Structure formats: C-alpha cells, structure tokens
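So you can see what is in the structure, the chains are spelled out below.
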Amino acid sequence: MTRRLPANVEARMAELFDARFNPDDRPMDRAALAAAMADCDVLVPTVTDHLDAELIGAAPERLQLIASFGNGVDHIDLAAARARGIIVTNTPGVLTEDTADMTMALILSVPRRLAEGEKVIRSGTWGGWSPSGMLGHCIGGKQLGIVGMGRIGQAVARRARVFGLSIAYHNRHRLPESVEAETGAVWYDDLDALLADSDIVSVHCPLNADSRGMIDAERIELIGKDAYFINTSRGEIADENALIAALQGRRIAGAGLDVYSHEPAVDPRLLALDNVMLLPHMGSATHEGRLATGEKVIANIRMWVDGDRPRDQVLEGWI
C-alpha cells in the first residue's frame with residue numbers, strides 16, 4: 001500500500017495478505033515507488049502515485065497486479081502495464097454518490113456566493129443585511145450542462161433536477177431513452193453548443209488522451225459571463241490558465257473546483273480570486289466511501305489470487 005488506508009481496511013489486508021503499509025502517509029517519490037514495485041506481487045497505489053511507462057517497465061516479473069485504490073486510472077500508464085502483462089484494477093461505482101453530493105454542493109454554493117459570504121462573516125466586516133448585498137444567481141430554471149454522463153454525471157443530474165434545473169449533457173454516445181427519461185436529460189452531440197447554452201457547466205468525464213485539455217481556451221470563452229464552471233473530475237481536463245484568465249476578466253461568473261492541474265499545488269492566482277470556491281480534492285472523502293473502496297480493492301486482489309479475472313479489471317477502452 002503506497003498510502004495510509006482506513007484502519008479497518010488495513011487490518012483486513014493484514015489478515016489476508018503479507019501486507020506492507022505506509023504508516024506516515026507521505027506520498028512516495030519515484031525512488032520509493034520503484035523500490036516498492038521491485039519487491040511485491042501486488043501494488044496498491046492511489047491517485048497520488050504516477051506510474052509511468054519507465055517505472056512499470058523497470059518492475060520485475062514478480063509484479064502481476066496493480067490494484068488501484070480509486071476509480072480514476074489516469075495516473076497509471078495502462079499501455080505499459082498491458083505490454084508487461086500486468087493486470088490493472090480500479091474501484092468503480094463506490095464513490096458515485098459521494099462525488100455527486102459534492103458536485104451538487106458546489107452547484108448550489110458557487111452561484112449563491114456561499115464561500116464569499118462565510119469569509120465576510122469571519123472577517124468581521126459584515127455591516128448587516130442590505131437589499132443589494134451579496135447578490136448571486138438562483139439556480140431554479142437554469143440549464144445544467146453535464147460533460148460526461150456516466151455514473152457520476154447521471155447521479156448529479158438526478159440531484160439537480162430536484163432543484164429545478166433543466167439537464168443537458170454531452171457524451172461521445174447518446175444514452176438510452178430510459179436514462180434520458182429518468183434524468184430529464186437532453187443530449188447535445190456538439191460540446192461547443194452545450195457550453196454556449198448552459199448556465200452551469202459540470203465536468204464528469206475521466207481523464208484520458210481524448211479529454212485532456214478538452215475544455216480549452218476557445219471553449220471556456222463559450223461559457224457565458226453569467227455562467228459557472230464546476231469541476232470535480234480532473235484538473236487537466238480544463239486549460240487552467242485560460243480558466244483563470246476568464247475568471248479574472250469576469251468573462252465567466254465563477255467556478256467551483258475540487259481538482260487542479262498540478263495537485264497538490266494550487267495556482268496562487270486562483271487563491272486570489274473571490275469568484276471561485278476551492279476544495280482540496282475531497283469529492284469522495286467520506287468514511288463510508290473510503291471503506292467501500294478498500295473492500296473493492298481487497299475483493300479484486302482475492303479474485304486474482306484465486307486465479308480468476310478480477311471483476312474490476314481495467315480494459316483497453318480506458319486508454
């Protein structure tokens with residue numbers, strides 16, 4: 001295990017396997033990752049561990065399984081793993097509701113300027129209620145444009161519909177009519193049109209070669225000056241410099257971000273903006289979610305030990 005996992009997950013792993021832990025929870029550097037990979041059958045990394053082709057290529061034949069703790073696999077060079085015959089698993093589904101809850105919290109908070117209001121109270125500068133004070137935008141009757149309508153995108157759509165938002169989405173492929181009916185979602189085959197038409201844009205696609213930089217400078221300009229951008233997926237999907245410039249110039253109304261291009265570093269220009277709500281990649285951070293993730297990791301390892309194909313093996317379509 002490359003990071004500290006919940007105590008009950010680690011206890012179960014210690015019962016089942018010859019397990020080695022990271023008690024101080026510090027992210028491993030390349031040398032530490034290489035050393036770990038050189039002396040194990042199964043590596044359990046997290047999103048903070050960047051396993052590139054060089055690291056994977058240098059691993060001995062003993063390493064047969066990378067059982068990632070989390071849903072995203074953009075931190076693992078899947079092509080390099082496949083070339084070496086190393087199985088990669090992830091933990092899909094267990095963090096869907098938690099991430100959707102956090103996304104909905106940002107959708108509610110950013111247009112209503114909740115973070116700004118909380119800072120005003122703490123600063124001691126609040127002068128009392130005013131008819132023109134702390135004005136934001138209501139969300140009822142507005143259009144939410146969802147980029148990536150997978151499990152999390154659909155969960156967000158169900159929540160947003162309750163708050164009176166109309167739902168539109170862009171996917172590479174249109175969803176079945178039954179899903180559209182359940183979520184009230186309208187498909188846009190053109191991403192640019194979705195961005196231009198939506199009052200709130202929320203990103204929920206995985207980071208891969210197709211999505212990296214997908215929300216570029218030109219597309220950020222399509223988001224209107226009264227519209228908001230929400231990202232709880234991966235920071236690299238959006239051009240962070242272009243987003244900052246648009247926020248600084250008030251060419252979009254605001255943003256809610258839980259992910260960044262160079263985590264854990266956060267661009268100081270974002271910290272200086274009052275029209276952005278910033279969170280420390282905590283969209284899936286619940287006790288229940290972390291436990292369920294650990295249980296999936298254990299299940300994947302046990303299936304592999306038993307000679308079966310793990311249920312959550314990451315296949316070629318992720319690349």
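Rules used in this analysis
Residue numbers here run from 1 along each chain, matching the order of that chain's written sequence. Given that the model is predicted, a residue must reach a pLDDT of at least 70 before its local features are reported, and side-chain atom pairs must reach 80 or more before they are shown or counted; all residues, however, enter totals for whole chains, interfaces and linings. Excluded from the side-chain calculation are hydrogens and water; included are all heavy atoms of the structure. UniProt positions are given in the numbering used here, feature names are shortened, and annotations may be inferred rather than shown by experiment. Source of the domain bounds: an automatic or database domain assignment. Contacts were defined at the residue level, with two residues in contact if any of their heavy atoms lie within 4.5 Å. A 1.4 Å probe defines the accessible area here, and the buried area is the portion of it lost by two parts on being joined, summed over both. Salt bridge, as used here: a side-chain nitrogen of Lys or Arg that lies within 4 Å of a carboxyl oxygen of Asp or Glu. Polar contact is the term for a pair of N or O atoms within 3.5 Å; when the atoms are in protein, one must be able to donate a hydrogen and the other to accept it, and sequence-neighboring residues count only if both atoms are side-chain atoms. Ten residue types, Ala, Val, Leu, Ile, Met, Phe, Trp, Tyr, Cys and Pro, are classed as nonpolar, four, Asp, Glu, Lys and Arg, as charged, and the remainder, Gly among them, as polar. Each pair of strands is called paired provided DSSP finds at least two bridges between the two strands. Secondary structure counts use DSSP, requiring at least four H or I residues in a row for a helix and at least two E residues in a row for a strand, with both numbered from the N terminus. Inter-axis angles, ranging from 0 to 180 degrees, are taken between N-to-C directions of lines fitted to C-alpha atoms, where helices are fitted over the stretch in contact. Accessibility here uses a 1.4 Å probe with only protein chains present; expressed as a share of the type maximum, an area under 20% marks a residue as buried, one over 50% as exposed, and anything in between as partly exposed. Both site types are read off a 1 Å grid over the protein atoms alone. A 1.4 Å probe that fits but cannot get out defines a cavity, while an open set with protein on both sides within 12 Å along at least five of seven lines defines a pocket; lining residues have an atom within 4 Å of a point. Grid points are joined across faces, edges and corners, and a volume is the space filled by probe spheres set on the points.

- As named in an unreviewed UniProt entry, the protein is Glyoxylate reductase, taken from Sphingobium subterraneum.
- Checking UniProt for the protein, the heading Sequence similarities (unreviewed entry) contains the comment "Belongs to the D-isomer specific 2-hydroxyacid dehydrogenase family."

**Looking at the domain arrangement of the protein**
Many descriptions give the size of an interface as the accessible area lost when the pieces come together.
Here is step 1 of the chain: Segmenting the protein into domains produces domain 1 (7–90 + 286–306) and domain 2 (95–278).
Here is step 2 of the chain: For domain 1 versus domain 2, the separation of C-alpha centres amounts to 31 Å.
Here is step 3 of the chain: Taken together, the contacts link 6 residues of domain 1 with 4 residues of domain 2.
Here is step 4 of the chain: Regarding the contact of domain 1 and domain 2, the summed buried area is about 530 Å², with carbon and sulfur atoms giving 48% of it.
Here is step 5 of the chain: Taken as a group, Asn 71, Asp 74 and Thr 286 account for 58% of the area that domain 1 buries against domain 2, more than any other trio of residues on that side.
Here is step 6 of the chain: Our enumeration of links across domain 1 and domain 2 arrives at 1 salt bridge.
Here is step 7 of the chain: Connecting domain 1 to domain 2 are 2 residue pairs in polar contact (both at pLDDT 80 or more).
Here is step 8 of the chain: When its residues are assigned to classes, the side of domain 1 that touches domain 2 shows 1 nonpolar, 4 polar and 1 charged.

**Let's talk about the sheet that holds strand β3 (residues 87–89)**
Here is step 1 of the chain: Reading across the sheet, the 3 strands line up as β1-β2-β3 and stay open at both edges, with parallel pairing between neighbours. Bordering the open sheet on either side are β1 (42–43) and β3, each of which pairs with just one other strand.
Here is step 2 of the chain: Where strand β2 (residues 65–67) meets β3, 3 bridges bridge the pair, whose relative direction is parallel. Looking across to β3, one finds that Ile 66 is bridged to Val 88.
Here is step 3 of the chain: Running over the sheet, helix α13 (residues 287–305) touches β1, β2 and β3 and is turned about 160 degrees from β2.

**A look at unusual backbone geometry**
Here is step 1 of the chain: Omega for the peptide link from Glu 263 to Pro 264 comes to 5 degrees, which places this bond in the cis form.
Here is step 2 of the chain: When you line up the elements, Pro 264 lands in the loop between β9 (254–257) and α12 (268–271).
Here is step 3 of the chain: The phi torsion at Arg 250 lies on the positive side, around 55 degrees, for a residue other than glycine.
Here is step 4 of the chain: Inspection of the secondary structure puts Arg 250 in the loop between α11 (240–248) and β9.
Here is step 5 of the chain: Relative accessible area serves as the criterion here: at 45%, Arg 250 is assigned to the partly exposed category.

**Section: empty space enclosed by the protein**
Here is step 1 of the chain: Counted by the stated rule, this structure contains 1 cavity of 30 Å³ or more.
Here is step 2 of the chain: Considered as a void within the structure, the largest cavity measures approximately 50 Å³ in volume.
Here is step 3 of the chain: Looking at the largest cavity, the residues that line it are Phe 229, Asn 231, Gly 235, Ala 238, Glu 240, Leu 243, Leu 257, Val 259 and Ser 261.
Here is step 4 of the chain: Contributing elements (two or more residues each) for the lining of the largest cavity: β8 (228–231) and α11.
Here is step 5 of the chain: Partitioned by chemical class, the residues of the lining of the largest cavity number 5 nonpolar, 3 polar and 1 charged.

**Some details on the UniProt feature "domain: D-isomer specific 2-hydroxyacid dehydrogenase NAD-binding" (unreviewed entry) in the protein**
Here is step 1 of the chain: Taking the UniProt record as the reference, the feature "domain: D-isomer specific 2-hydroxyacid dehydrogenase NAD-binding" (unreviewed entry) is found at residues 104–283.
Here is step 2 of the chain: Structurally, residues 104–283 is divided into 34% helix and 16% strand, and its ends, taken at the C-alpha atoms, are 10 Å apart.

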